[in-house]
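So you can see what is in the structure, the chains are spelled out below.
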Amino acid sequence: MSHDWICSKDWKIPSDTGDARRILDEVLIDLGEHGWGEEYTFGIHLAVEEALMNAIKHGNQRDPEKYVTVECRFTAKILQIVIEDEGDGFNPADVPDPTLEENLELPSGRGLMLMKTFMTTVDYNEKGNRVFMEKDLDAPPPDDDDDDDDDEDYL
Amino acid sequence: MASHHHLDVSQSGDVSVVRFVDRRILDASNIEELGDELFALVETDHLKRLLLNFTGVEFLSSAALNKLIILDKKVKSIGGKLVLSDLRQEIKEVFAITRLDQLFNISDSEQQALADF
């Protein structure tokens, strides 16, 4: 499906959290300037932050010789972000569900869960070093699977 | 007493009230320091009754949640009590989504939290 993007940017940054912070701030400012309200940008902020930190810390292991590439594009209703690292990748299915009783006290696994919660789509490539995230403001909330009448309320 | 750059610590009776200096408790470069400061409250300052007041905190990441989980374990291991208060609605939702609202004692206000100790 093609979209008429009102903003489209690419970055390639070293495995540095300061650079990641700069990109994140730029994305949030761009979204705000194009009418994306705080009711959406809190979750987007969280999802992108988690994905960037995963790429830098877990993917590239903070190796200064390795880079993270970020693609960001959006319309008034759809945001797509692609983040790729140069690490060995991982299998998202191997990440334990942090909400299970036995995992509640484990200090891990919540980043991926929050990404999935606040974005409409979170897809990893087969290797697990590239994540595609989409926020579609016209998508129904996750729990409302078949009631189209609720779509307008969600907007 | 350990030095604090990211925390503001005061006493209310026998409860240590901790506020965060940073509005965004997320930046990975700060999160390790923040965690160390939080843990020092228990391990160095030997504080057992901690109230974390989140007033002014606009955002926190899973890395910060992980630090809070470890802090909670440390407090419980010495027979202490940890209460969180004044979380903005979006952050409350993060605790609810991750079910950490079942792990932590969360109060709406500092006053209510102090009454709950």
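Residues numbered from 1 in each chain as written. Chains lettered and ligands numbered in written order. Predicted model: local features only at pLDDT ≥ 70, side-chain atom pairs only at ≥ 80, totals over all residues. Heavy atoms only, no water.

**Remarks on the overall build of chain A**
In step 1: Counting its secondary structure elements, chain A contains four helices and five strands.
In step 2: Secondary structure elements in chain A, listed N-terminal to C-terminal, are β-α-α-β-β-α-β-β-α.
In step 3: Computed over C-alpha atoms, the radius of gyration of chain A comes to 16 Å, within 12% of the 15 Å expected from 2.2 N^0.38 for 155 residues, which places it in the range of a compact globule.
In step 4: Judged by the C-alpha coordinates and their principal axes, chain A covers about 50 × 40 × 25 Å.
In step 5: For chain A, the residues scored as buried account for 45% of the 155 residues in total. (Helix = DSSP H or I, 4+ residues; strand = E, 2+ residues; numbered from the N terminus. Rg over C-alpha atoms; globule rule 2.2 N^0.38 Å. Buried < 20%, exposed > 50% of the residue type's maximum accessible area, 1.4 Å probe, protein only.)

**Examining the interface of chain A and chain B**
You'll often see interface size given as the accessible area lost when the parts meet.
In step 1: If you look at the interface, chain A gives 27 residues, while chain B gives 25 residues.
In step 2: Where chain A touches chain B, the interface holds one salt bridge.
In step 3: Residue Arg-99 of chain B is joined to Glu-101 of chain A by a salt bridge in which the shortest nitrogen-to-oxygen separation is 3.3 Å.
In step 4: Looking at the side of chain A that touches chain B, the elements with two or more residues in it are α1 (17–33), α2 (38–59) and α3 (110–118) of chain A.
In step 5: Among the elements that line the side of chain A that touches chain B, the one with the most residues is α2 of chain A, at eight residues.
In step 6: When the residues that make up the side of chain A that touches chain B are grouped by side-chain class, the tally is 11 nonpolar, six polar and 10 charged. (Contact = heavy atoms within 4.5 Å. Salt bridge = Lys/Arg side-chain N within 4 Å of Asp/Glu carboxyl O. Nonpolar A, V, L, I, M, F, W, Y, C, P; charged D, E, K, R; others polar.)

**Thoughts on the sheet that holds strand β2 (residues 67–74) of chain A**
Residues and elements named next belong to chain A.
In step 1: Strand order in this open sheet of five strands is β1-β2-β3-β5-β4, and the pairing throughout is antiparallel. For this open sheet the edge positions go to β1 (7–14) and β4 (121–124), each flanked by a neighbour on one side alone. The mean angle between the axes of side-by-side strands here comes to 10°, regardless of whether they run parallel or antiparallel.
In step 2: The sheet contact formed by β2 and strand β3 (residues 78–84) spans six bridges and is antiparallel. In the sheet register, Cys-72 faces β3, and the bridge partner there is Ile-81.
In step 3: In this fold α1 packs onto β1, β2 and β3, with an angle of close to 170° to the strand it touches most, β1. (Pairing = 2+ DSSP bridges. Axes fitted to C-alpha atoms, helices over the stretch in contact; angles between N-to-C directions.)

**Examining the pairing of strand β1 (residues 7–12) of chain B**
Residue and element names in this part refer to chain B.
In step 1: In the sheet, β1 pairs with strand β2 (residues 15–20) via six bridges, with the strands oriented antiparallel. Directly across from Gln-11, in β2, lies its bridge partner Ser-16.
In step 2: Linking β1 back to β2 in an antiparallel pair, the connection comprises two residues, with Gly-13 at a positive phi of about 65°.

**Some remarks on helix α2 (residues 62–77) of chain B**
All names here are of chain B.
In step 1: Taking 1.5 Å of rise per residue, the 16 residues of α2 would be expected to cover 22 Å, and the 23 Å separating its terminal C-alpha atoms lies within 8% of that figure.
In step 2: Within the span of α2, buried status applies to Ser-62, Ala-63, Ala-64, Leu-65, Asn-66, Lys-67, Leu-68, Ile-69, Leu-71, Asp-72 and Val-75.
In step 3: Note on α2: the residue one or two positions beyond its end, Gly-79, has a positive phi of about 75°. (Expected span 1.5 Å × (residues − 1).)

**Quick notes on the environment of Asn-103 of chain A**
In step 1: Relative to the elements of secondary structure, Asn-103 of chain A occurs in the loop between β3 and α3.
In step 2: Discounting residues that sit within four places of it in the chain, Asn-103 of chain A has contacts with Pro-96, Asp-97, Pro-98 and Arg-110 of chain A.

**Side note on unusual backbone geometry**
In step 1: Unlike most non-glycine residues, Gln-61 of chain A shows phi in positive territory, near 55°.
In step 2: Inspection of the secondary structure assignment puts Gln-61 of chain A in the loop between α2 and β2.
In step 3: With a phi angle near 60°, Asp-86 of chain B is a residue other than glycine that sits in the positive phi range.
In step 4: We classify Asp-86 of chain B as partly exposed; its relative accessible area is 23%.

**Description of the pattern of salt bridges**
In step 1: Throughout the structure, instances matching the rule amount to 15 salt bridges over all chains.
In step 2: Salt-bridge contacts for Glu-110 of chain B lead to Arg-19 of chain B; the nearest nitrogen and oxygen are separated by 3.2 Å. Here Glu-110 of chain B is found in helix α4 (residues 110–116), whereas its partner Arg-19 of chain B is found in strand β2, with 91 residues between them in sequence.
In step 3: When its relative accessible area of 34% is taken as the criterion, Arg-19 of chain B is described as partly exposed.
In step 4: Of the charged contacts in the structure, one is a salt bridge between Glu-90 of chain B and Arg-88 of chain B, with a shortest N-O distance of 2.8 Å.
In step 5: Three or more residues joined by partner-sharing salt bridges are found here, namely Glu-71, Arg-73, Glu-84 and Arg-130 of chain A.

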